[in-house]
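Structural description and commentary
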Amino acid sequence: MKKIKTSIYILLLIIISVSKILAQNPLIDHNGTATFFSEAPMEDIEAINRKVIGAIDLQKGILAVTMQIKGFHFDKSLMEEHFNENYLESDKYPKASFKGMIKNFSELDFSKQGNFEAQAIGELEIHGVTKPLKTMVQFAISGDKISANTSFDISIADHDIKIPRLVIKNIAEVVEVKASFNFSM
Amino acid sequence: MQGIKIVIGSLLYLLTISAIAQDDLLASLEETQSNEHTWVEATFKGTRLINGHTIETRKKGVMDFIISHRFGTIDGGSYDLFGLDVATMRIGLEYALSDRLYFGLGRSTFEKTFDGFLKYRLIRQSKGKGSKPFSATWLSSMAIKTLKDPERELGFTDKVANTHQLLIASKISSGISLQLMPTFVHRNLIGEEDINNDAYALGVGGRVKISQRLALCAEYYHQFQKLNENSTNAIAVGVDIETGGHVFQLQFTNATAMIPKGFVTETTNDFFEGEIHFGFNVSRTFQLK
């Protein structure tokens, strides 16, 4: 009898979670932006990508972000070429991505207007290397719009990005990354 | 006991489900992204393969300063230090008016030649939506030989030669690029031993990257109709070394001239008899806009 109860329980659990996946309706922004900034003795380098795809699932508190490395644009075109060709090897590793979830999601109310902060935890993949990432995300909700902004530091060595000795003074070892998204419900 | 087991089991299960959901969400985003259009960049390190041009042009607002050098032939032996005592050179200044249109001016010590070229990117290799498997660039160049001829008085038009090339290249993988160069050269005035005003040639070349900053290059121009019988086909092998804003290209070639009309049609050295010049191209890039 107990076994049957357990089986029914598990069956129900499967049905509920499957229906949850089927009912999934994430908000998607195809024109998110990501920038990175490297401050080094020789020169400051800044690049911006305006075609970042981000998604948030407001039923489960799940986040996903993906972007083409070639979508990053620099002021100096030669820098952009070196970034793709020598450092990020974008032919081999064309994308960077993040998948994660919002901590304490159940305590947050996304239907309320206003600003609040939440912690996102997950995995960041750059240059084929995946590392855990924790970052604070600022949410602003007004009307049916949700904007999300975050900024964090990454160490280029963590992602196996090799900078030759010759240009080591031109590129910082830790770069500041910012990302922002605008979703509409 | 059973109750705790079920609770732990369902917790684990929910965690797995949420991990799967994360993967699903990312996967579905990547699916929409996979068809995004991206350009294939850096088919070659620079605008020159070795002697000749590559399909590459610089991005809008970029100026390139390029110095090319060819020493004497190495078969001269130690007497003139394997050619290092002799040198011909070309200085060039080039500018990108747009991401597709590129022009340059140059002066070679060889026959005191001035040259100018226009380069236009017709097709750019790309991936994703509307992808193209190759790049094509048109090159038209004009050369004016100003070396005085003691035998005769020459008018301006007599000194002019024009070259037109269609450069077709494909970056087959991140490390391998190949290029085809159908070439037409017209000289207004022909020399004593020449039989044709026009020359037709097909060039083939490519590069293989051996590290992020090093690449091996080779280039060969086969002439189908030569200007004269003494003309040989230009062969060149070289190494590209990239160091930030510079590209150093070191090469061995049987050609003396560093402009298309010269190395394609006026090469007379035999590569396999050791009539080879050591040389280099150095380019420095400046972002003006």
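Below: a short report on this structure. All figures in this text were calculated on a predicted structure; none of them were measured in a lab. (Residues numbered from 1 in each chain as written. Chains lettered and ligands numbered in written order. Predicted model: local features only at pLDDT ≥ 70, side-chain atom pairs only at ≥ 80, totals over all residues. Heavy atoms only, no water.)

1. Re the overall build of chain A
Note the cut-off: Only DSSP runs of H or I reaching four residues or more are called helices, and only runs of E reaching two or more are called strands; each is numbered from the N terminus. Exposure categories follow from relative accessible area, calculated using a 1.4 Å probe and restricted to protein chains: below 20% of the type maximum is buried, above 50% is exposed, and the middle band is partly exposed. Whether two residues touch is decided by their heavy atoms; if any such pair falls within 4.5 Å, the residues are in contact. Here, Shrake-Rupley sampling with a 1.4 Å probe gives the accessible areas, and only protein chains in the shown set may cover a residue.
Secondary structure summary: chain A contains two helices and nine strands in total. Its helices and strands taken in sequence order, chain A reads α-β-β-β-β-α-β-β-β-β-β from the N to the C terminus. Looking at the 185 residues of chain A, the share that counts as buried comes to 49%. Pairs at least 24 residues apart make up 59% of the contacts formed inside chain A by residues separated by at least 6 positions. In the structure as shown, chain A presents an accessible area of about 10200 Å², 56% of it carried by carbon and sulfur atoms.

2. Digging into the overall build of chain B
The condition is simple: The quantity called the radius of gyration is restricted to C-alpha atoms. Its globule counterpart is 2.2 Å times the number of residues to the power 0.38. Working convention for charge: Lys and Arg count positive, Asp and Glu count negative, and His plus the chain ends are omitted. A charged residue contributes its charge at one atom only: NZ of Lys, CZ of Arg, CG of Asp or CD of Glu.
A tally of regular secondary structure across chain B gives two helices and 14 strands. In terms of overall size, chain B is more extended than a compact globule, its C-alpha atoms giving a radius of gyration of 26 Å where 289 residues would be expected to give roughly 19 Å. Along the three orthogonal principal directions, the C-alpha set of chain B runs to about 110 × 40 × 40 Å. A separation of at least 24 residues holds for 57% of the contacts in chain B among residues at least 6 apart in sequence. Taken as a whole, chain B presents about 13700 Å² of accessible surface, with 64% of it coming from carbon and sulfur. The average position of the 30 basic charges and that of the 31 acidic charges among the side chains of chain B differ by 9 Å.

3. Regarding empty space enclosed by the protein
Where we set the bar: Method remark: on a 1 Å grid restricted to protein atoms, a set of points is classed as a cavity if a 1.4 Å probe fits but cannot get out and as a pocket if it is open with protein on both sides within 12 Å along at least five of seven lines; lining residues have an atom within 4 Å of a point. Grid points are joined across faces, edges and corners, and a volume is the space filled by probe spheres set on the points. Residues are grouped as follows: nonpolar covers Ala, Val, Leu, Ile, Met, Phe, Trp, Tyr, Cys and Pro; charged covers Asp, Glu, Lys and Arg; every other residue, Gly included, is treated as polar.
Across all of its chains, the model carries 10 cavities of 30 Å³ or more by this definition. Volume-wise, the largest cavity comes out at about 120 Å³. Surrounding the largest cavity, 13 residues form its lining, Glu81(A), Glu56(B), Thr57(B), Arg58(B) and Lys59(B) being those nearest its centre. At three residues, the largest contribution of residues to the lining of the largest cavity is made by helix H2 (residues 77-87) of chain A. Partitioning the lining of the largest cavity into residue classes produces three nonpolar, three polar and seven charged.

4. Examining the nonpolar core
As a reminder of what qualifies: Buried Ala, Val, Leu, Ile, Met, Phe, Trp, Tyr and Cys residues form a nonpolar core when they are joined through side-chain atoms within 4.5 Å.
Ile56(A), Phe72(A), Phe74(A), Ile102(A), Phe110(A) and Phe139(A) are the most contacted members of the largest nonpolar core, which totals 44 residues. Per-element accounting of this core gives the leading share, five residues, to strand S9 (residues 174-184) of chain A. Formed by 22 residues, the second largest nonpolar core is a distinct cluster that contains Leu49(B), Ile55(B), Phe117(B) and Leu167(B).

5. What about the pairing of strand S7 (residues 135-145) of chain B?
Rules: In this scheme, strands are said to pair when DSSP sees at least two bridges between them.
Looking at chain direction, strand S5 (residues 113-123) of chain B and S7(B) are connected through 10 bridges and run antiparallel. Residue pairing across strands places Phe114(B) opposite Ile144(B), the latter belonging to S7(B).

6. Comments concerning the pattern of salt bridges
To be explicit about the condition: The rule for a salt bridge is simple: a side-chain nitrogen of Lys or Arg has to be within 4 Å of a carboxyl oxygen of Asp or Glu.
With the rule as written, the count across this model stands at 23 salt bridges over all chains. Members of the salt-bridge network, linked through shared partners, are Lys70(A), Glu85(A), Asp91(A), Lys127(B), Lys171(B), Arg207(B) and Lys209(B).

7. A short note on the sheet that holds strand S9 (residues 176-187) of chain B
The strands that make up a sheet are held in pairs by hydrogen bonds between backbone atoms, and each pair lies either parallel or antiparallel. Our working rule: The angle between two axes is taken between their N-to-C directions and runs from 0 to 180 degrees, where each axis is a line fitted to C-alpha atoms and a helix contributes only its stretch in contact.
If you walk around this closed barrel you meet the 12 strands as S2-S3-S4-S5-S7-S8-S9-S10-S11-S12-S13-S14 (chain B), and the pairing is antiparallel. Neighbour to neighbour, the strand axes of the sheet diverge by 20° on average, direction disregarded. In terms of strand pairing, strand S8 (residues 160-171) of chain B meets S9(B) through nine bridges, oriented antiparallel. Following the sheet pairing, Ala161(B) is matched in S9(B) by Arg187(B). With respect to the sheet, H2(A) is in contact with strand S2 (62-73), S8, strand S10 (198-209), strand S12 (235-243) and strand S14 (277-287) of chain B, its orientation differing from that of S14(B) by roughly 115°.

8. So, the side chain of Thr43(B)
Residues and elements named next belong to chain B. Its place among the elements puts Thr 43 in the loop between strand S1 (38-39) and S2. On the accessibility criterion, Thr 43 (0% relative accessible area) is buried. Residue contacts for Thr 43: discarding those within four places in its chain leaves Ile 55, Glu 56, Gln 125, Ala 169, Ser 170, Lys 171, Ser 177 and Arg 207.

9. Details of the packing of aromatic side chains
Operational definition: Any Phe, Tyr or Trp ring, taking Trp's six-membered ring, that has another such ring centre within 6.5 Å forms a pair; planes under 30 degrees apart are called stacked, those over 60 apart edge-to-face, and the others tilted. Whether a charge sits over a ring depends on NZ of Lys or CZ of Arg being within 6 Å of the ring centre and within 35 degrees of the ring normal.
Within the structure shown, the criterion is met by 18 aromatic pairs over all chains. Taken together, Phe36(A), Phe72(A), Phe74(A) and Phe83(A) form an aromatic cluster joined through their ring pairs. Here the basic side chain of Arg107(B) rests over the ring of Phe114(B), its NZ or CZ set 5.0 Å away from the ring centre. Cation over ring: Arg124(B) sits above Trp39(B), and NZ or CZ is 4.2 Å from the ring centre.

10. Digging into the layout of surface pockets
All names here are of chain B. In this structure, the second largest pocket spans a volume of roughly 680 Å³. Along its surface, the second largest pocket is lined by 30 residues, and Glu 111, Lys 145, Arg 187, Gly 191 and Asp 194 are the ones closest to its centre. For the lining of the second largest pocket, the residue count by class is nine nonpolar, seven polar and 14 charged.

The values are spatial; any link to function lies outside them.
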